[in-house]
Amino acid sequence: MSGVGKGIASASIGKILQARGLKVTAVKIDPYLNVDAGTMNPVEHGEVFVTEDGDETDQDIGNYERFLDVDIFRDNYMTTGRVYQSVINRERNLEYGGKCVEAVPHIPYEIIDRIKRATKKAGADVTIIEVGGTVGEYQNVLYLEAARMMHLKNPDDVAFVLVSYLPVPGKIGEMKTKPTQQASQMLNAAGIQPDFILGRSTHPLDEPRRQKLALFCNVAKDHIISAPDIESVYDVPINFEKENLSEKIIKTLKLKAKKHDLKEWRRFVNRARAAKKPIKVGIVGKYFESGDFILPDAYISVIESIKYAAWANNRKPEIEWINSDVYEKDKKKLRELSKFDCLVVPGGFGSRGVEGKINAIRYAREHKIPYLGLCYGMQLASIEFARHVCDLRDANTTEINPNTKHPVIHIMPEQLEKMSKKQYGNTMRLGGYPCVLKQGTVARHAYNKETIFERHRHRYEFNNEYREAMEKKGLVFSGTSPDGKLVEIIELPKDKHPFFVGVQFHPELKSRPLNPHPLFMGLIKAGLKK
Ligand code: GLN
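Keep in mind that this is a model prediction, so the values were computed, not measured.

1. Quick look at the overall build of the chain
- Tallying secondary structure elements over the chain gives 19 helices and 22 strands in all.
- Its C-alpha atoms give the chain a radius of gyration of 25 Å, near enough to 24 Å, the size a compact globule of 530 residues would have.
- Along the longest, intermediate and shortest principal axes, the C-alpha atoms of the chain span 75 × 60 × 45 Å.
- Here the chain holds 530 residues, and 54% of them are scored as buried.
- Considering only contacts in the chain between residues 6 or more positions apart, those separated by 24 or more positions represent 71%.
- Approximately 24000 Å² of the chain is accessible, and the part contributed by carbon and sulfur atoms is 52%.

Next comes the structure, spelled out in structure tokens:
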């Protein structure tokens, strides 16, 4: 089922195989009809992870990038919408030579082609393919069919891992294997025999459970792997190796591999565990609620980026979510922000909670709390500065007030055209773009480089009409597109504020466990001083 940890399991299997010297890539399959994740709201989908080549994908792609420390591209993300779209386009172009085009086999063929393409592009020895959804639902049946066909053709080249949940019902207090037995039987009905079962549960698998699963699911007992809940997802690869999972997979796939090297990863995990002194980070955003539940997944990359930077500084990150709505109704509440060592306003869309975010940014600026604004967080910081320092009271983004007297943030003409034609899907400014950093600035100091590449996802931009006026009042435009036309980074000078940086891009998409992002490092370092 969704949320059981397939993404982390896939990324971790990739990690342990990579640690054996194999080149690994990963493919995510989302069985919905949306062509990409860009058109779904965060309650439906969680975070939209943007790849270097501008694809709007699932947060699991982010997990793969973080665990494997490689860039994952558009070819590695598949949705049913995308698969059907290309088959139908091909049919329209007569590329099937007059044949009847059918769901089977043409859809599975397209799926297999895509997997091969992604593998070839990455030059991978092993491709981890994660099929989203639940076995037995209609939506992913053609993906299972593709998997079956691949295995039939090359039985030694395909291994199946069933990630299954084993509940421990409160009243009974015993771990139940039946749902996993059922899941395994359903896979059998699709012509697939799992080679491994990852038993996800609140508890580790014990001997009787392993025996039952082996017997009833027809899987070798030492291929039943225990995957209990643990404090940090980064321990998962290490736990898998406690059961020699990489060796077992390598044998199943008849691969040759080197001796295991997870040294650096272990060092990272140990360092994180040893960090005891806290650093308090407040994220002022809008909450995403689903009924009685709150979904923090919408900002997973931001959260992980903060963690990496905190751990690298031997601090234990204490991240708190603050609903910006409260600062709209009650400005006195803003005072609670002073308890934080640093503040982040993440990306966002629309008007809910925006005035509260602006109030929080003002508080961070005036009270010298280290601040990092991500995308919307940069745009709103510009508006805040325009309103309260440059006295442009009505300053706003045209996303919220199209008739504002001072459109400090406005939409680009080509974006306006797309919007008027209702071309919403995959049309924002997306993916990696270069940015040139100005000498002597906080940003330049953090990156220690002149040109950087960062990933974008937005329609609105800083309005250059306001550049001069704001510069005069002390705002620094420390990063722009190479032609100087697009403002990518704003900041306050070091002698005016310990760390106040807003970026039009999403640095959180490029932060990696072993390589924390320089801007998050800058924020945390400034926070330590506070
Ligand atoms: N809503 C803003 C825009 O479209 C910011 C987007 C974001 O934060 N990702 O430009």
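2. Observations concerning the pairing of strand β9 (residues 278–285)
- For β9, the tally of buried residues reaches 6 of 8 residues, placing the bulk of the element in the interior.
- Strand direction decides the pairing type here: β9 and strand β12 (residues 316–323), joined by 8 bridges, are parallel. Looking at the pairing, Val284 lines up with Ile322 of β12.
- Bridge analysis of β9 against strand β13 (residues 342–345) gives 3 bridges, and the strand direction is parallel. In the strand pairing of β13, Ile283 is matched with Val344.

3. Observations concerning the environment of Glu366
- Relative to the elements of secondary structure, Glu366 occurs in helix α14 (residues 354–366).
- The class for Glu366 is partly exposed, based on a relative accessible area of 42%.
- Each C-alpha atom of the pair Glu366 and Tyr84 lies 53 Å from the other, and the pair is 282 residues apart in sequence.

4. With respect to the packing of aromatic side chains
- Within the structure shown, the criterion is met by 13 aromatic pairs.
- Ring centres of Phe67 and Trp265 lie 5.4 Å apart, and the angle between their planes is 40°; on these two criteria the pair is classed as tilted. Of the two residues, Phe67 sits in helix α3 (residues 59–68) while Trp265 sits in helix α11 (residues 263–274), which places them 198 residues apart along the sequence. Trp265 carries the same exposure label as Phe67, and that label is buried.
- With a centroid separation of 5.3 Å and 80° between ring planes, the pair formed by Tyr234 and Phe268 is classed as edge-to-face. Taken as a pair, Tyr234 in the loop between β8 (224–228) and α9 (236–242) and Phe268 in helix α11 lie far apart in primary sequence, 34 residues in all. Like Phe268, Tyr234 is buried.

5. With respect to the pattern of salt bridges
- Enumeration over the complete set of coordinates arrives at 45 salt bridges.
- Residue Asp75 is joined to Arg117 by a salt bridge in which the shortest nitrogen-to-oxygen separation is 3.8 Å. Taken together, the positions of Asp75 in the loop between α3 and β4 (77–79) and Arg117 in helix α5 (residues 103–122) put the pair 42 residues apart, joining distant regions of the chain.
- Exposure remark for Arg117: the relative accessible area of 40% places this residue in the partly exposed category.
- Members of the salt-bridge network, linked through shared partners, are Glu52, Glu65, Asp69, Asp71, Arg455, Lys510 and Arg512.

Conventions and cut-offs
Residues numbered from 1 in each chain as written. Predicted model: local features only at pLDDT ≥ 70, side-chain atom pairs only at ≥ 80, totals over all residues. Heavy atoms only, no water. Helix = DSSP H or I, 4+ residues; strand = E, 2+ residues; numbered from the N terminus. Rg over C-alpha atoms; globule rule 2.2 N^0.38 Å. Buried < 20%, exposed > 50% of the residue type's maximum accessible area, 1.4 Å probe, protein only. Contact = heavy atoms within 4.5 Å. Areas by Shrake-Rupley, 256 points an atom, 1.4 Å probe, with all protein chains shown as cover. Pairing = 2+ DSSP bridges. Phe/Tyr/Trp six-rings, centres within 6.5 Å; stacked < 30°, edge-to-face > 60°. Salt bridge = Lys/Arg side-chain N within 4 Å of Asp/Glu carboxyl O.

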